[in-house]
Amino acid sequence: MRKFLALSVNTAREVMRQPVVAMITSACIVTIGMMPVVAVFSLGQEVRIVRDGAGASCLVYGLFLVAASSIAAIYRPVRSGTAGAILCKPVSREMFFAATFLGIVLACLVFTATALFAGMVSARMALEGIHTDWAVGSVLAAAFVLAFAVAGVLNYRGRNFCSVLNQALFFSMLAALLAAACLAPRGGLGDFGEFMQWGMLSSGLLIFGALAMLAAIAVALSTRLAPAGVLFFCFFFFALGLVSDYLLSTLSGRPALAALCACLLPNWQFFWVHGGAGAEGAATAEYVLRASLYAALYTAGVLCLGFISFRRSDV
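Quick caveat, the model's predicted, so the values are computed rather than measured.

Here is what the cut-offs are and how they apply
Residues numbered from 1 in each chain as written. Predicted model: local features only at pLDDT ≥ 70, side-chain atom pairs only at ≥ 80, totals over all residues. Heavy atoms only, no water. Helix = DSSP H or I, 4+ residues; strand = E, 2+ residues; numbered from the N terminus. Buried < 20%, exposed > 50% of the residue type's maximum accessible area, 1.4 Å probe, protein only. Contact = heavy atoms within 4.5 Å. Areas by Shrake-Rupley, 256 points an atom, 1.4 Å probe, with all protein chains shown as cover. Axes fitted to C-alpha atoms, helices over the stretch in contact; angles between N-to-C directions. Parallel < 35°, antiparallel > 145°, perpendicular 65-115°, else oblique. Nonpolar A, V, L, I, M, F, W, Y, C, P; charged D, E, K, R; others polar. Polar contact = N/O pair within 3.5 Å; in protein donor to acceptor, adjacent residues only side chain to side chain. Salt bridge = Lys/Arg side-chain N within 4 Å of Asp/Glu carboxyl O. Expected span 1.5 Å × (residues − 1). Phe/Tyr/Trp six-rings, centres within 6.5 Å; stacked < 30°, edge-to-face > 60°.

**Student:** Any chance you could explain the overall build of the protein chain here in plain terms?
**Tutor:** When you go through the protein chain residue by residue, the secondary structure sums to 12 helices and 2 strands. A total of 315 residues make up the protein chain; the buried ones form 50% of that total. Expressed as a percentage of contacts within the protein chain between residues at least 6 apart in sequence, the contacts between residues at least 24 apart total 75%. Carbon and sulfur atoms form 70% of the exposed surface of the protein chain, whose accessible area is close to 15100 Å².

Pasting the structure below:
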């Protein structure tokens, strides 16, 4: 167990050191931060537009993140011989593969939490009517700039810039969330969290489950395909999962084929709140539990296929 955890943590650290991961996280935060400006003409639906847009941004940017992470954690070590050196030690292929997946999932957890914090602050910026709370926007912008400043200073002292930036963005977005929770609309202090969209926390859990499924698909593909192939098929399964409900409805006359497709195709609609929403767009506990169970079962199935593929690959 100690070896497994050490490999997982090392994988997560290696993923966080990748410049592309820092770029994806930064771009996601900027996209989320700009949404209140876009949503000012939404005729009373400003908060909902920002809330849904933040979730969609996290999912789309997370797709790029899991693809880049799987390439850095599986494809490159196998091609460079690093994986072979690790497997020469008393480490089985199954342990290496599972630890690599867990490391990528940990990186996805940090990314999802960072984007979720930014999304909650962004949703707090949006006010009814053609208004935006620029005080909260200033807090979000200052936290974003501060993270880069801290990463630059620590990089000057010998730390890896990208790794420190990912950590700094996490803590700065958390600090921005806590500061925004203390502010009342249009200035002044209010009761802590009174105007925050806390229902987004349950949505964040659903998005993390979707990213875990995407990570399993990307890791399994990385055992056989080059980076371009991994990225292409990740997009393919992502697009296919978005229309899986429609595809299954066209097969309603063939129950056996429909059941097979339902098992094979990922269904991302499970991780969008829609019918399982309660007050303020929050997913109910039962809905989150069902979606998490679906994510766990689908991830386990894909990982089993990945185990078989990695066991037969040349390392």
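**Student:** What's the story with the packing of helix α8 (residues 200-222) against helix α12 (residues 285-311) in this structure? I'm lost.
**Tutor:** Any two packed helices are characterised by how steeply their axes cross, that is the angle between the axes, and by the distance between the axes. Between α8 and α12, whose axes approach to 8 Å, the crossing angle comes to 10°. With respect to their mutual orientation, α8 and α12 come out roughly parallel. Along the contact surface, α8 presents Ser202, Leu205, Leu206, Gly209, Ala212, Met213, Ala216, Ile217 and Ala220, while α12 presents Tyr287, Val288, Ala291, Tyr294, Ala295, Tyr298, Thr299, Val302, Leu303 and Gly306. Taken together, the residues that form the contact of α8 with α12 break down as 15 nonpolar, 4 polar and no charged.

**Student:** Mind showing me how you'd approach the side chain of serine 172 here?
**Tutor:** Note that serine 172 resides in helix α7 (residues 161-181). Assessed through its relative accessible area of 7%, serine 172 is described here as buried. One polar contact links the side chain of serine 172 to the main-chain carbonyl oxygen of alanine 143, over a distance of 3.4 Å. Here leucine 169 takes part through its backbone oxygen, which lies 3.1 Å from a polar atom of the side chain of serine 172.

**Student:** How do you make sense of the pattern of salt bridges when you look at a structure like this?
**Tutor:** Two side chains of opposite charge can pair, provided their charged atoms sit close to one another. Tallied over the entire structure, the rule returns 1 salt bridge. The partner of arginine 48 in a salt bridge is aspartate 52, with the nearest N and O atoms 3.4 Å apart. Linking arginine 48 with aspartate 52, this pair stays in helix α3 (residues 46-80), spanning 4 residues, or about one helical turn. Judged by relative accessible area, which is 35%, arginine 48 ranks as partly exposed.

**Student:** Hey, could you run me through α7 in this one?
**Tutor:** An α-helical segment advances 3.6 residues per turn. Residues three or four places apart therefore align on the same side. In this model, α7 (21 residues) spans 30 Å end to end at C-alpha, consistent with the 30 Å of a helix rising 1.5 Å per residue. The backbone nitrogen of cysteine 162 has a side-chain oxygen 3.2 Å away, supplied by the residue at the start of α7, namely asparagine 160.

**Student:** Could you clarify how one ought to interpret the environment of alanine 175 in this entry?
**Tutor:** Within the secondary structure layout, alanine 175 lies in helix α7. A relative accessible area of 43% places alanine 175 in the partly exposed class. Residues alanine 175 and phenylalanine 117, spaced 58 residues apart in sequence, show a C-alpha to C-alpha distance of 9.0 Å.

**Student:** How should the packing of aromatic side chains be read in this particular structure?
**Tutor:** Two numbers describe a pair of aromatic rings. These are the distance of the centres and the angle of the planes. Applying the stated criterion across every chain yields a total of 16 aromatic pairs. Centre to centre, the rings of phenylalanine 96 and phenylalanine 310 are 5.8 Å apart; their planes meet at 20°, and the pair counts as stacked. With phenylalanine 96 in helix α5 (residues 93-125) and phenylalanine 310 in helix α12, this residue pair connects regions lying 214 residues apart in the sequence. Considered together, phenylalanine 96 and phenylalanine 310 belong to a single accessibility category, that of buried residues. A ring pair is formed by phenylalanine 170 and phenylalanine 171, whose centres lie 5.1 Å apart and whose planes are at 85°; its orientation type is edge-to-face. Since its relative accessible area comes to 55%, phenylalanine 171 is described here as exposed. Through successive ring pairs, a cluster of aromatic residues spans Phe238, Trp268, Phe270, Phe271, Tyr294 and Tyr298.

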